[in-house]
Amino acid sequence: MNELKLKEYKEVFSMFDKNKDGVITSCEVGEVLESFESNKDEQDEELQAAFKIFDLDGTGRISKSELKSALVNLGENINDKNLNLIIETIDLDGDGFISFEEFKKFVCP
Ligand SMILES: [Ca+2]
Ligand SMILES: [Ca+2]
């Protein structure tokens, strides 16, 4: 993890984390997207960019270990129990991975 990458993570995270409570809520993401006055395609691009930050190996889906590394890089101290909870919440089809569709539904249901 180089510094540039780390800076990128933090920027994206703080961009979404409007009230700086360290948690990104779906409505915060919506507000950010609205503030860009973007159309649906652009919203998709923004989401893709956010998704790619988590999808470290570029497979198009986020694994548990990728989510963990991303959160650790953001300075989140996450234990396995909470990590599993997050995955269970987002992983709608239960395959253990977060797909872009699932990610999208999570941030803007
Ligand atoms: Ca991946
Ligand atoms: Ca899934």
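Basis of the calculations
- Residues numbered from 1 in each chain as written.
- Chains lettered and ligands numbered in written order.
- Predicted model: local features only at pLDDT ≥ 70, side-chain atom pairs only at ≥ 80, totals over all residues.
- Heavy atoms only, no water.
- Donors = N, O, S within 2.8 Å, 3.2 Å for Na, K, Ca; no water.
- Tetrahedral: all angles 85-135°; square planar, octahedral: opposite > 155°, others 65-115°.
- Buried < 20%, exposed > 50% of the residue type's maximum accessible area, 1.4 Å probe, protein only.
- Phe/Tyr/Trp six-rings, centres within 6.5 Å; stacked < 30°, edge-to-face > 60°.
- Helix = DSSP H or I, 4+ residues; strand = E, 2+ residues; numbered from the N terminus.
- Lys NZ or Arg CZ within 6 Å of the ring centre and 35° of its normal.

Colleague: Give a detailed account of the coordination of the calcium ion (ligand 1), specifying residues and quantitative values.
Modeller: The protein atoms donating to the calcium ion (ligand 1) are D55 (OD), D57 (OD), T59 (OG1), R61 (O), E66 (OE) and E66 (OE), with metal-donor distances spanning 2.2 to 2.4 Å. Here the calcium ion (ligand 1) binds 6 donor atoms, and the angle range of 54 to 161 degrees at the metal identifies the geometry as irregular. Site description for the calcium ion (ligand 1): donor spacing in sequence, D-x1-D-x1-T-x1-R-x4-E. Look at D57 and you get exposed, because its relative accessible area is 51%.

Colleague: Can you lay out the packing of aromatic side chains for me, pointing to particular residues and giving the numbers?
Modeller: One pair of aromatic rings is described through two measures. These are the centre distance and the angle between the planes. Counted according to the given criterion, the structure contains 3 aromatic pairs. Measuring from centroid to centroid gives 5.3 Å for F51 and F103, while their planes differ by 65 degrees, and the two rings are edge-to-face. Placement of the pair is F51 in helix α3 (residues 40-54) and F103 in helix α6 (residues 100-107), with a sequence separation of 52 residues. Note on F51: relative accessible area 3%, which makes it buried. You can call F103 buried: its relative accessible area is 8%. Centroid distance F54 to F103: 6.2 Å. Interplanar angle 55 degrees. Geometry classified as tilted. Placement of the pair is F54 in helix α3 and F103 in helix α6, with a sequence separation of 49 residues. In this pair, the class of F54 matches that of F103, namely buried. These aromatic residues form a ring-pair network of at least three members: F51, F54, F100 and F103. Positioned over the ring face of F97 is R61, at 3.7 Å from the centre of the ring.

Spatial relationships are all this shows, so hold off on functional conclusions.
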